[in-house]
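One letter stands for each residue in the lines below.
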Amino acid sequence: MKTALRRARDRKHANAILESLSQGTGDVYESYRALYGLWCSNNAAVPELRPLFRIPGIDPDGALSVTDEFKKTVRSLAKEILPVVSDSTTGTR
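Okay, so let's go over this structure. (Residues numbered from 1 in each chain as written. Predicted model: local features only at pLDDT ≥ 70, side-chain atom pairs only at ≥ 80, totals over all residues. Heavy atoms only, no water.)

1. Comments concerning helix α2 (residues 28-42)
For the α-helix, the turn length of 3.6 residues means that residues three or four positions removed from each other point alike.
Step number 1: Counted at 1.5 Å a residue, the expected span for α2 with its 15 residues is 21 Å, and the 21 Å between its end C-alpha atoms agrees.
Step number 2: The complete set of buried residues in α2 reads V28, S31, Y32, L35, Y36, L38, W39 and N42. The buried residues of α2 occupy an angular sector of 160 degrees when projected down its axis, which confines them to one face. Within α2, the exposed residues directed more than 90 degrees away from the buried face are E30 and C40. (Helix = DSSP H or I, 4+ residues; strand = E, 2+ residues; numbered from the N terminus. Expected span 1.5 Å × (residues − 1). Buried < 20%, exposed > 50% of the residue type's maximum accessible area, 1.4 Å probe, protein only. Arc of directions from axis to C-beta.)

2. Some remarks on the pattern of salt bridges
Step number 1: In the structure shown here, the tally under the stated rule is three salt bridges.
Step number 2: Salt-bridge contacts for D10 lead to R9; the nearest nitrogen and oxygen are separated by 3.2 Å.
Step number 3: D10 gets classed as buried once you look at its relative accessible area, which sits at 4%.
Step number 4: If you follow the salt bridges from partner to partner, you end up with R6, R9 and D10 in one network. (Salt bridge = Lys/Arg side-chain N within 4 Å of Asp/Glu carboxyl O.)

3. A closer look at the side chain of D10
Step number 1: Its place among the elements puts D10 in helix α1 (residues 2-22).
Step number 2: There is a polar contact of 3.2 Å between the side chain of D10 and the side chain of R9.
Step number 3: Apart from residues lying up to four places away in sequence, D10 is in contact with L38, N42, A45 and V46. (Polar contact = N/O pair within 3.5 Å; in protein donor to acceptor, adjacent residues only side chain to side chain. Contact = heavy atoms within 4.5 Å.)

4. Things to note about α1
Step number 1: Its 21 residues place the ends of α1 30 Å apart at the C-alpha level, agreeing with the 30 Å of an ideal helix rising 1.5 Å per residue.
Step number 2: Taken together, the buried positions of α1 are D10, R11, A14, N15, I17, L18, S20, L21 and S22.
Step number 3: G24 sits one or two positions beyond α1 and adopts a positive phi of about 80 degrees.

5. Brief notes about the nonpolar core
Step number 1: Counting 23 residues, the largest nonpolar core has L18, Y32, L35, L49, L52, F53 and V74 as the members making the most contacts within it.
Step number 2: By residue number, the principal contributor to this core is helix α3 (residues 68-90), which donates seven residues.
Step number 3: Non-local contacts of L49, meaning those with residues more than four positions away in its chain, are made with A14, L18, L35, W39 and I81. (Core = buried A, V, L, I, M, F, W, Y, C linked by side-chain atoms within 4.5 Å.)

6. Thoughts on the environment of P51
Step number 1: Checked against the element boundaries, P51 lands in the loop between α2 and α3.
Step number 2: Relative accessible area serves as the criterion here: at 37%, P51 is assigned to the partly exposed category.
Step number 3: C-alpha of P51 to C-alpha of R6: the two residues are 45 residues apart in sequence and 22 Å apart in space.

Here it is, written out as structure tokens:
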């Protein structure tokens, strides 16, 4: 039960971050780092985030150069991932 609650909490948190990125309101760097933190602590809860951390030329564990291309790529991936994470946090999946 504790694991299920943690999974639901982490998915809800990821959903909120992805939503702000998709809407263009979230800071890309801070949001990316927050999502990576969720991924590192509980990647089984949010496997859909994997593409964010496989961006060619980007090492999520290292220093990031927040270029316009990086921002565009992260926002685009967030838009793709959001519906999947949203469906499962609302129970429609």
